[in-house]
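Chain residues, written in single-letter form:
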Amino acid sequence: MSLALRRGGIVDAALMIGICGSLVVTAASASPNRLTIQQALREAVVRSPALRARQLAVEQAEGRLVTAQTYAYNPELSIEGARRSNGDSTTDCGITLAQELEVGGQRRWRAALAKADIESVRAQLLRERRLLEARIRTAFVEALRTREISAIEQANAELAQSIVVIARKRFEAGAVAQMEVNLAEVQFGRAQRELHLARGADVVARTILAEAVGLDPATPPDPEGTLEAPTREPPPLAELLTSAANHREDLWSLRKAADSARANIEIARRGLIPNLNLEGFTRRESGHESIVGGAVGIRIPVFNRSRGILVEARAALRESEANVESIEIQTRREVVTALAHYQAARAAISSLQQQVLGTLEENLRLLQRSFESGKTSWPEVLVFRREFVEIQRDYIETLADAELAAIELDLAAGLPTAVSQEDSRP
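Conventions used here
- Residues numbered from 1 in each chain as written.
- Predicted model: local features only at pLDDT ≥ 70, side-chain atom pairs only at ≥ 80, totals over all residues.
- Heavy atoms only, no water.
- Patch = residues over 30% accessible without salt bridge, like charges linked within 9 Å, V, L, I, M, F, W, Y side chains within 5 Å.
- Areas by Shrake-Rupley, 256 points an atom, 1.4 Å probe, with all protein chains shown as cover.
- Salt bridge = Lys/Arg side-chain N within 4 Å of Asp/Glu carboxyl O.
- Helix = DSSP H or I, 4+ residues; strand = E, 2+ residues; numbered from the N terminus.
- Buried < 20%, exposed > 50% of the residue type's maximum accessible area, 1.4 Å probe, protein only.
- 1 Å grid on protein atoms, 1.4 Å probe; cavity = no way out; pocket = protein on both sides within 12 Å on 5 of 7 lines; lining within 4 Å.
- Points joined across faces, edges and corners; volume = space filled by probe spheres on them.
- Nonpolar A, V, L, I, M, F, W, Y, C, P; charged D, E, K, R; others polar.
- Axes fitted to C-alpha atoms, helices over the stretch in contact; angles between N-to-C directions.
- Parallel < 35°, antiparallel > 145°, perpendicular 65-115°, else oblique.
- Left-handed = near helix turned anticlockwise from the far one by under 90°.
- Polar contact = N/O pair within 3.5 Å; in protein donor to acceptor, adjacent residues only side chain to side chain.
- Contact = heavy atoms within 4.5 Å.

1. Describing a nonpolar patch on the surface
Reasoning step 1: Nonpolar side chains collect at one region of the surface, where L77, I79, I95 and L97 lie side by side and expose about 430 Å² of accessible area between them.
Reasoning step 2: Going through the elements one at a time, β2 (76–85) and β3 (89–101) are the ones with two or more residues in the nonpolar patch.

2. Comments concerning the environment of D259
Reasoning step 1: Considering the arrangement of structural elements, one finds D259 in helix α7 (residues 249–270).
Reasoning step 2: Overall, D259 belongs to the partly exposed group, its relative accessible area being 30%.
Reasoning step 3: When the C-alpha atoms of D259 and A112 are compared, they prove to be 8.5 Å apart, with 147 residues separating the residues in sequence.

3. Focus: the layout of surface pockets
Reasoning step 1: Quantified by volume, the second largest pocket comes out at close to 360 Å³.
Reasoning step 2: In terms of lining residues, the second largest pocket is bounded by 20 residues, among which G271, L272, I273, N275 and S306 are the most central.
Reasoning step 3: Among the elements of the structure, α4 (106–172) and α7 are those that each provide at least two residues to the lining of the second largest pocket.
Reasoning step 4: Here the lining of the second largest pocket is built from residues that sort into 11 nonpolar, five polar and four charged.

4. Quick notes on the packing of α4 against α7
Reasoning step 1: At a closest axis distance of 8 Å, the pairing of α4 and α7 adopts a crossing angle of 165°. One element, α4, and the other, α7, form an angle in the roughly antiparallel class. Every pair of crossing elements has a handedness; the one defined by α4 and α7 is left-handed.
Reasoning step 2: Here the contact of α4 with α7 is composed, by residue class, of 10 nonpolar, six polar and 12 charged.

5. Concerning the side chain of E100
Reasoning step 1: As for its position among the elements, E100 is in strand β3.
Reasoning step 2: The exposure class assigned to E100 is buried, which follows from its relative accessible area of 14%.
Reasoning step 3: At 2.9 Å, the side chain of E100 and the side chain of R299 are in polar contact.
Reasoning step 4: Excluding its chain neighbours within four sequence positions, the residues that come into contact with E100 are Y71, Y73, N275, L276, N277 and R299.

Okay, here's the thing in structure tokens:
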């Protein structure tokens, strides 16, 4: 090998190593349509039709509480009149005022039922808010992932193109065979293909983020930030299970639905107690005789004793209790699964950081020295480039998996997130 060729090889190696180094750190270009995760959540809360529907359901439940706390029976005023003909025409007239009274405490239990309904639909609203937050955070992570993968593929394509240029120069100098040039060009074609696919996936991910936030998918936002290795140490499993039991809004909603069913049973039972009907009247007969009196009446529960209503209410309670038990078991499974996923993702990141990436940095130095001395062939350089790109892809994918696992764990255990603490609930 000539001295000039070896000097050219050193320059080419330095160029290649510099391009390889650009793969390690990926940075997004400036965009006027930048969007932070906090901005995304605020926009989504304002624009979400699902949240609006849940809020209206809360207002309806509050209206039912007002109705339940209002006395159910209005007084009834009646006026009567008649003409009496017995030789002399006279007129009889009277006024009656009647009021039905509940004596079984039904109104108190109707109010208890309405309050339980309010708590249930409010919990549903909070759960919808948390699910929306999880959807936005997930879409945000996916957009960051595809952007960084696209940056890796861009650098990979640039590196492959540089290798083609160097390979052609070395072929012209008689240092390599035509087959090695062809191999470099094939690798460049594959790199371009991966770049086009990555760019398409990036656009798709950003349009999904736009749709989740409620923005126009035709002008998708550019998420601000980067994927980072998680540093948060998860709480012990027992603590996570306790948090899920106490803070999961869907569980709270079901428990309040069971309270509503219990109140319904009490209302049905107390419906067997007949209401009192108090009546006061005054009448004037024959034009000069006045009668003032009163009456007390009750409905006798002979035919309708509310048996069907009571059976239905008790069945509804058993159904609610079964739903609570089922969701409690499901919740525990979700917590265990989410914790395992999160711990596995953290361990995978640690392995890549401490072993694979460190080994690659050593290999870069070895490759440079070997290439400078002419001991490394072009096929070996191409193989190393492929391995480097793949490990960078794996690292980004693992970072995204860890972020998604953290979202899954927060959702399963009902843990407060930094984002949800910053933004007030509706």
